[in-house]
Amino acid sequence: MSHSPEIHTPLPEGRDPILRLVPMPTDTNYAGDVFGGWIMAQVDIAGSLPAIRRARGRVATVAVNSFVFKQPVFVGDVVSFYASIVKIGRTSITVDVAVYAQRGLRQGSDEICIKVTEAVLTYVAVDENRRPRVVPQE
Ligand SMILES: CCCCCCCCCCCCCCCC(=O)SCCNC(=O)CCNC(=O)[C@H](O)C(C)(C)COP(=O)(O)OP(=O)(O)OC[C@H]1O[C@@H](n2cnc3c(N)ncnc32)[C@H](O)[C@@H]1OP(=O)(O)O
């Protein structure tokens, strides 16, 4: 499949993705594109990782503040998730997750990179009883 050049974008420079995955045929919807729910699940995991590190322990997702599927994802894409903390509250941590798909290598053509999803999620640090706890000082 060809894409207009204006949607091509480089991967974020100088940053490592927190998660990198390749969707499989079992991850597709009835039309053959990768299911939005698969992307949402991976975004939740990707966003939780910096939150768990910062909270030094368990977190629960309390809100998906925004979620935009900008472009479809296809089986065989190399999908990279970049997560960064944008806000720390008393018990909550808000994380921005940007998702990029690299495709074309499999077909032996030039590889292209596309930003496919943008999301912002809020996690709450929770204790062993699943109650909110204060995010520790850095
Ligand atoms: C690197 C290490 C590797 C470790 C290796 C493990 C790897 C592992 C990876 C997989 C990890 C997957 C990570 C998935 C995580 C789930 O999937 S969790 C499952 C889905 N989520 C849930 O079931 C949560 C259900 N909700 C709840 O239990 C309760 O609402 C909560 C979350 C405990 C909060 O309790 P609450 O009494 O409502 O809390 P409340 O005091 O009112 O608010 C707490 C904070 O949330 C904020 N908040 C509340 N509602 C909202 C809202 N709608 N919007 C924004 N903020 C809100 C409040 O403003 C407050 O923030 P602060 O002002 O304190 O900063």
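Bear in mind the structure is a predicted one, so any value in this text is a computation, not a measurement.

The rules behind each value
Residues numbered from 1 in each chain as written. Predicted model: local features only at pLDDT ≥ 70, side-chain atom pairs only at ≥ 80, totals over all residues. Heavy atoms only, no water. Helix = DSSP H or I, 4+ residues; strand = E, 2+ residues; numbered from the N terminus. Expected span 1.5 Å × (residues − 1). Bend = angle between axes of the 7 residues up to and from the residue. Buried < 20%, exposed > 50% of the residue type's maximum accessible area, 1.4 Å probe, protein only. Contact = heavy atoms within 4.5 Å. Pairing = 2+ DSSP bridges. Phe/Tyr/Trp six-rings, centres within 6.5 Å; stacked < 30°, edge-to-face > 60°. pLDDT = per-residue confidence, 0-100. Near = heavy atom within 4 Å. Polar contact = N/O pair within 3.5 Å; in protein donor to acceptor, adjacent residues only side chain to side chain. Areas by Shrake-Rupley, 256 points an atom, 1.4 Å probe, with all protein chains shown as cover. Nonpolar A, V, L, I, M, F, W, Y, C, P; charged D, E, K, R; others polar.

A.B. asks: Even after reading the chapter, I still don't get helix α1 (residues 36–55), so can you show me in this structure?
C.D. replies: Note on helix geometry: an α-helix contains 3.6 residues per turn, so any two residues three or four positions apart are oriented the same way. Compared with the 28 Å implied by 1.5 Å per residue over 20 residues, the 28 Å span of α1 between its first and last C-alpha is a close match. At S48, α1 shows its strongest bend, of approximately 25 degrees, with the proline P50 following within four residues. The complete set of buried residues in α1 reads W38, I39, Q42, V43, A46, G47, S48, P50, A51, R54 and A55. Contacts from the buried residues of α1 go to β1 (19–21), β2 (59–69), β3 (78–88), β4 (92–103) and β5 (112–125). Phi turns positive, to about 50 degrees, at R56, one or two residues after α1.

A.B. asks: Honestly, the pairing of β3 in this entry has me stumped. Any pointers?
C.D. replies: In regular strands, side chains alternate between the two faces of the sheet. Examined bridge by bridge, β1 and β3 share 3 bridges and lie antiparallel to one another. Paired with L21 across the bridge in β3 is V79. In the sheet, β3 pairs with β4 via 10 bridges, with the strands oriented antiparallel. Within β4, the position partnered with K87 by the bridge is T94. Joining the antiparallel neighbours β3 and β4 is a turn of 3 residues.

A.B. asks: So what exactly am I meant to see when it comes to the packing of aromatic side chains here?
C.D. replies: One pass over the full model with this rule turns up 2 aromatic pairs. Between F67 and F69, the ring centres sit 4.9 Å apart and the planes meet at 45 degrees, which makes this aromatic pair tilted. Looking at F67, the relative accessible area reads 19%, which means it is buried. On the basis of relative accessible area, F69 is assigned to the partly exposed category, the value being 42%. Between the aromatic rings of Y82 and Y100, the centroid separation amounts to 5.6 Å while the plane-to-plane angle is 85 degrees, which identifies the pairing as edge-to-face.

A.B. asks: Hey, could you run me through the confidence of the model for the chain in this one?
C.D. replies: One rule of thumb: low pLDDT means the predicted coordinates there are not for detailed reading. This prediction gives the chain a mean pLDDT of 94; 94% of its residues lie at or above 70. Confidence metrics for the complex model read pTM 0.94 and ipTM 0.97.

A.B. asks: Could you clarify how one ought to interpret the site of the ligand in this entry?
C.D. replies: In the neighbourhood of the ligand, 20 residues make up the surrounding shell, with T61, R90, T91, S92 and R131 lying closest. Residue R90 places a main-chain N or O atom 2.8 Å away from an oxygen atom belonging to the ligand. At 2.6 Å, a side-chain N or O of T91 approaches an oxygen atom of the ligand. Relative to its unbound accessible surface of 1400 Å², the ligand loses 49% to contact with the protein. Of all the secondary structure elements, the ones that give two or more residues to the shell around the ligand are α1, β2 and β5. Partitioning the shell around the ligand into residue classes produces 8 nonpolar, 7 polar and 5 charged.

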